[in-house]
Amino acid sequence: MTPMTARRKLSISCGIAFGVPALITAILAIGWGEQIALFGYKSHRLIGELNAFEAHLASPEHQAAITDQFTVAVFGDSTHFYKLPEDRRMIPSLNRELAARGRDDIVAYGMAFTALTAWDYYLLLNRVAPEQPDLLVLPVHLGA
């Protein structure tokens, strides 16, 4: 057996020093990637919107409104796709129109976010199902 040269020792050391962490990182990335794909990546903006929606649902005003009024739950406001200002989106527009017609016995609420997935809808619908809204609206933007 021939003795190892300094160059050979250096290449083995570098291979171990860089190869093992790279291999571990690749294995972890595969596992985490699978989890990200399974549960869906949520941007900080969407998480903020979900938290705000949850706070609205838990608010005393909302709880009082849904006890004696006709409720309309709206998810996936397709006008959100066009980056319209908040007051021009579907839910605020619907509430303004109802108020203008004197229909204070109907309350519309919901959440809109660009590119909600089927899983997002599933979770949102499961969240509002116990409230038993009278009408559920899922606008769909088919794009051009």
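One can find the structure itself at the top, above this paragraph.
Residues numbered from 1 in each chain as written. Predicted model: local features only at pLDDT ≥ 70, side-chain atom pairs only at ≥ 80, totals over all residues. Heavy atoms only, no water.

1. Some details on the overall build of the protein
Across its full length, the protein carries five helices and three strands. Expressed as a percentage of contacts within the protein between residues at least 6 apart in sequence, the contacts between residues at least 24 apart total 76%. Summed over all atoms, the accessible surface of the protein reaches about 10300 Å², with 66% contributed by carbon and sulfur. (Helix = DSSP H or I, 4+ residues; strand = E, 2+ residues; numbered from the N terminus. Contact = heavy atoms within 4.5 Å. Areas by Shrake-Rupley, 256 points an atom, 1.4 Å probe, with all protein chains shown as cover.)

2. Digging into the packing of aromatic side chains
Under the definition given, this model contains one aromatic pair. Between Phe53 and Phe75 the ring centres are 5.8 Å apart and the planes differ by 85 degrees, which places this aromatic pair in the edge-to-face class. With Phe53 in helix H2 (residues 44-58) and Phe75 in strand S1 (residues 70-75), the pair connects residues that are 22 residues apart, well separated along the chain. A relative accessible area of 6% means that Phe53 is categorised as buried. (Phe/Tyr/Trp six-rings, centres within 6.5 Å; stacked < 30°, edge-to-face > 60°. Buried < 20%, exposed > 50% of the residue type's maximum accessible area, 1.4 Å probe, protein only.)

3. A short note on the sheet that holds strand S3 (residues 135-137)
Taken in spatial order, the three strands of this open sheet run S2-S1-S3, and their pairing is parallel. Lying at the two open borders of the sheet, with one neighbouring strand each, are strand S2 (106-111) and S3. Pairwise comparison of adjacent strand axes, ignoring direction, gives a mean angle of 20 degrees for this sheet. The sheet contact formed by S1 and S2 spans six bridges and is parallel. Bridge pairing in S2 links Val72 to Ala108. (Pairing = 2+ DSSP bridges. Axes fitted to C-alpha atoms, helices over the stretch in contact; angles between N-to-C directions.)

4. Thoughts on the pairing of S2
Burial analysis of S2 places six of its six residues in the buried class, which makes it a mostly covered element. Going residue by residue along S2, you find Ile106, Ala108 and Gly110 tucked away on one face and Val107, Tyr109 and Met111 tucked away on the opposite face as well.

5. Structural notes on the pattern of salt bridges
Applying the stated criterion to the full structure yields four salt bridges. A salt bridge links Arg101 to Glu97, with the shortest nitrogen-to-oxygen separation between them at 2.6 Å. Glu97 sits in the partly exposed class, given a relative accessible area of 38%. Between Asp105 and Arg103 there is a salt bridge, with the nearest N and O atoms lying 3.0 Å from each other. For Asp105, a relative accessible area of 33% puts it in the partly exposed group. (Salt bridge = Lys/Arg side-chain N within 4 Å of Asp/Glu carboxyl O.)

6. Some points on the pairing of S1
With respect to burial, S1 is a largely interior element, five of its six residues being buried. Across three bridges, the pairing between S1 and S3 is parallel. Bridged to Val74 within S3 is Val137.

In short, shape yes, function no, at least from these values alone.
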